[in-house]
Protein chains: 2
Amino acid sequence: MSILTRPILEIDFNNLLDNYKQLQNIAKTAIAAAVVKDDAYGLGAEDVAKLLYEKGKCRHFFVAHAFEAEKIASIVPQAKIYVLQGIGEDCLDAFQKNKQFVPVISSPEMFAFWKEHKINGVKPVIHIETGLNRLGFREHELKALSDADIAEFSMVMSHLACGDEKDHFMNAHQLETFDELKNLYFPDIPASLSASDGVFLGEKFHWDMVRLGAAMYGINTAPYRPNQMKNVVRIKAPVLQVEPLAKGEFVGYSATYRASSERKIAIVSIGYGDGIPRSLSNVGKIFFKTHGKLQESRIIGRISMDNIICDVSNVDGLEVGDMAFLADDFYTLDDMARDAGTISYEIMSRVGKNQRFIRIKKDAA
Amino acid sequence: MSILTRPILEIDFNNLLDNYKQLQNIAKTAIAAAVVKDDAYGLGAEDVAKLLYEKGKCRHFFVAHAFEAEKIASIVPQAKIYVLQGIGEDCLDAFQKNKQFVPVISSPEMFAFWKEHKINGVKPVIHIETGLNRLGFREHELKALSDADIAEFSMVMSHLACGDEKDHFMNAHQLETFDELKNLYFPDIPASLSASDGVFLGEKFHWDMVRLGAAMYGINTAPYRPNQMKNVVRIKAPVLQVEPLAKGEFVGYSATYRASSERKIAIVSIGYGDGIPRSLSNVGKIFFKTHGKLQESRIIGRISMDNIICDVSNVDGLEVGDMAFLADDFYTLDDMARDAGTISYEIMSRVGKNQRFIRIKKDAA
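Residues numbered from 1 in each chain as written. Chains lettered and ligands numbered in written order. Predicted model: local features only at pLDDT ≥ 70, side-chain atom pairs only at ≥ 80, totals over all residues.

Here we take up the pairing of strand S16 (residues 308-311) of chain B. All names here are of chain B. On S16, burial covers both faces: Ile-308 and Cys-310 on one face and Ile-309 and Asp-311 on the other are all buried. Pairing analysis gives four bridges linking strand S13 (residues 263-268) to S16, with the strands arranged antiparallel. Within S16, the residue paired with Ile-267 across the bridge is Ile-309. As defined by bridge partners, strand S15 (residues 293-299) adjoins S16 across two bridges and the pair is classed as antiparallel. Note that in S16 the partner of Ile-299 across the bridge is Cys-310. (Buried ≥ 20, exposed ≤ 12 C-beta atoms within 10 Å, placed from the backbone. Helix = DSSP H or I, 4+ residues; strand = E, 2+ residues; numbered from the N terminus. Pairing = 2+ DSSP bridges.)

Here it is in structure tokens:
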């Protein structure tokens, strides 16, 4: 028996690299850019950028904020780093200091700011709106651009709203709109429409560059079929205590679970403070491996900041110090997200940032 | 007009300190220990520990994990730091190196480990179970302790399950059980039963030490009446774009929102990557201050990693670069949590850890 206290986060960089290469293969001649915003969805932007730059020959990275570009700049010296939230007063100096950084301009107001503060040798990307109704120039704003304005840009991009639903009418609509606007306003520069999900929608969606994020991190961005990607994230945590629970006893905050018969419970050293969604309370699953067999248990009561309680009545031979498996190849973050009523992107982004994990980088860069 | 890109997190350390003092007043002679686990609920354990140690004269801190104790040890040199998840192989060396650290022992198995690795000059706390059915010795395990075992401990503690519901039967039940077990097994050492919520349940719940966390951070742990604490967390983010939306148009991923009439929308530079719960999609609120007036808007469409879209049809005079208020004194994290279907603890723990915020420490330590 071991006595352990800390949860463990394993990031499989081997699988991440394989996913990148597989996606590059599918995207064929399109440039495979890597999206490492939000600290590479929480998995560590420096690690991911280094891996893809050195072993994946990736030379195009996307971040959300300029300070995120600063964190990886020296790791990817020959690469371009596109900044999706663009340029403004609070990050102008970062762009001025580093000509690797390429702002993505998404509004006339931001473009006016750009023209006032232009940086020699840098040609921004223009983000155009095609149906998501998030960031991007609307058509009436494109009409107002002069030829000189148009000549400012090095690439035109947009973003799909429903790329994870193969037959959604929005995909064809956005593709058509993008094609039209690109030909009308930006016939001479490269174009990028798709993130991970668009890669699986066929060659028409690839254009000159695809922006690989979620699928590279193992998320199934084509949930209409089994995941083609390898799993990247594994989470486990030690069992701190195994106890009997008498019929009628309550479990957890606000006493939301009551035992209808005698049960056996385990207290696992991980909670929402570590990024596990509290919405898994009374519905989530935790797995154990005892006697060489995978066993499933149900989370009971409310998840607390540091601990989760689960019903292990049917788990034979469980001992204090055994590992509880929260996410693994057999129950991925996609599965957890489905049970939690959210998407795995959100969980990944939360889990990865937590310092409480002992971090294992499998075959790290 | 300003062009800005990054969200802003303001932590009001002045109010945090006031809350600590107010809680200490309510707890009267009981020691007011500070709970700074999970990086002080995400707000920064070093900052909070320094503030409370220097300006609040706090000498007792609680963390979850030994590595969290290591982060604050040199900041609170004369204080004791209690480690709630206890001691094990993965953190033994931390305890051996620093005798400020006091393990909280919650199971016979962990106690056996302690006896094998005892650290001279350190007397652990024993955690006993009184109704939460989470960590702690059950009564049959207390019975098995010898007199010498009992003499190992410096304090006995337990934890309330329903302290935020004033009249919940569980409170009286846990108090009675704690009283019984304490008198039976630990008549000669100090006792601690209550976290923030228990402080408001009356003197009987205070014992020798209260463990102040949530309420100190401004969370209403007595939601049966208006919050007595001052607000600590404020979140804002810049508007990146303001656009018309035609009748029939869709907004956001999976096109979950469709405009039933002509609308005006704003795209705000913050998302679930920054810790805003994705469950606020299509239901949450965002506020603006234009013409010196507070104006409310509704989040529409799915929240994405870096952006939130809201309906600002009724917000007059809104411009790109204006600030959107996500949480403030007039709409606290408690309010946001209610709209998101969770508790503010979870949001605070997520928001605070995100590096993407420009962090403003108001009247910082």
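Let's shift gears to the sheet that holds strand S6 (residues 125-127) of chain A. Residue and element names in this part refer to chain A. Strand order in this open sheet of eight strands is S8-S7-S6-S5-S4-S3-S2-S9, and the pairing throughout is parallel. Only two strands of the sheet have a single partner each, and these edge strands are strand S8 (191-192) and strand S9 (209-212). In this structure, strand S7 (residues 155-157) lies alongside S8, joined through two bridges in parallel fashion. The partner of Met-157 across the bridge, within S8, is Ser-192. Each of strand S2 (31-35) and S9 is contacted by helix H1 (residues 13-27), which is oriented at about 140° to S2, the strand it contacts most. (Contact = placed C-beta atoms within 7 Å. Axes fitted to C-alpha atoms, helices over the stretch in contact; angles between N-to-C directions.)

Before going further, it helps to examine the pairing of strand S14 (residues 285-290) of chain B. All names here are of chain B. When S14 meets S15, the two strands line up antiparallel, connected through six bridges. Note on S15: the bridge partner recorded for Thr-290 is Lys-293. Once S14 ends, the chain turns through two residues before running back antiparallel as S15, passing His-291 with a positive phi of about 50°. Of the strand pairs in this sheet, S14 and strand S17 (residues 323-327) are connected by two bridges, and their pairing is antiparallel. In the strand pairing of S17, Phe-287 is matched with Phe-325.

Here the focus is the relation of the copies chain A and chain B. In screw terms, the move from chain A to chain B is a rotation of 180° and a rise of 0.0 Å along the axis, fitting with an RMSD of 0.0 Å. Such a turn and shift between the copies fits a two-fold axis. (Least-squares fit on C-alpha atoms with pLDDT ≥ 70 in both.)

Residue and element names in this part refer to chain A. By the assigned domains, chain A splits into domain 1 (13-217) and domain 2 (231-362). With 13 residues of domain 1 at the contact, the number on the domain 2 side is 11 residues. Elements supplying a minimum of two residues to the side of domain 1 that touches domain 2: H1 and helix H2 (37-41). Of the residues forming the side of domain 1 that touches domain 2, the biggest block, four residues, is contributed by H1. Residue classes in the side of domain 1 that touches domain 2 are distributed as six nonpolar, four polar and three charged. (Domains from an automatic or database assignment. Nonpolar A, V, L, I, M, F, W, Y, C, P; charged D, E, K, R; others polar.)

In this section: helix H3 (residues 45-55) of chain A. Since one α-helical turn is 3.6 residues long, residues separated by three or four positions face the same way. All names here are of chain A. By the burial criterion, the buried members of H3 are Ala-45, Asp-47, Val-48, Ala-49, Leu-51, Leu-52 and Tyr-53. Of the surrounding elements, those touching the buried residues of H3 are H1, S2, H2, strand S3 (60-63), helix H4 (66-72) and strand S18 (358-362). Immediately downstream of H3, the backbone of Lys-57 shows phi near 55°, a positive value.

Residue and element names in this part refer to chain B. An order of S8-S7-S6-S5-S4-S3-S2-S9 is seen for the eight strands of this open sheet, with the pairing classed as parallel. Looking at strand neighbours, the two that pair on one side only are strand S8 (191-192) and strand S9 (209-212), the edges of this open sheet. Here strand S2 (residues 31-35) runs beside strand S3 (residues 60-63); their pairing, made up of two bridges, is parallel. Looking across to S3, one finds that Ala-34 is bridged to Phe-61.

The next point concerns the interface of chain A and chain B. How large an interface is tends to be reported as the accessible area lost when its parts come together. Every contact between the two is made by 66 residues of chain A and, on the other side, 66 residues of chain B. For the side of chain A that touches chain B, the secondary structure elements donating two or more residues are H2, helix H6 (108-117), strand S10 (233-245), strand S11 (250-251), strand S13 (263-268) and helix H12 (344-351) of chain A. The class makeup of the residues in the side of chain A that touches chain B is 27 nonpolar, 22 polar and 17 charged.

Another point: the packing of H1 of chain A against H3 of chain A. Residues and elements named next belong to chain A. The contact between H1 and H3 brings their axes to 11 Å, and the two run at 55°. Our classification of the angle between H1 and H3 gives oblique. In this structure, H1 meets H3 at a crossing whose hand is right-handed. Each of Phe-13, Leu-16, Leu-17 and Tyr-20 in H1 lies in contact with H3, whose residues at this interface are Asp-47, Val-48, Leu-51, Leu-52 and Lys-55. Classifying every residue of the contact of H1 with H3 gives seven nonpolar, no polar and two charged. (Parallel < 35°, antiparallel > 145°, perpendicular 65-115°, else oblique. Left-handed = near helix turned anticlockwise from the far one by under 90°.)

Before going further, it helps to examine the nonpolar core. In this structure, Phe-61, Val-83 and Val-268 of chain A together with Phe-61, Val-83 and Val-268 of chain B are the most contacted members of the largest nonpolar core, which totals 262 residues. The contacts of Val-268 of chain A, once residues within four sequence positions are left out, are Ala-237, Val-239, Leu-240, Ile-286, Asn-307, Ile-308, Cys-310 and Ala-324 of chain A. (Core = buried A, V, L, I, M, F, W, Y, C linked by C-beta atoms within 7 Å.)

Looking now at unusual backbone geometry. Non-glycine residue Ala-40 of chain A carries a positive phi angle of around 55°. With respect to the helices and strands, the residue Ala-40 of chain A is situated in helix H2. A positive phi is found at Asp-39 of chain B, a non-glycine position, where the angle reads about 55°. Here Asp-39 of chain B is to be found in helix H2 (residues 37-41).

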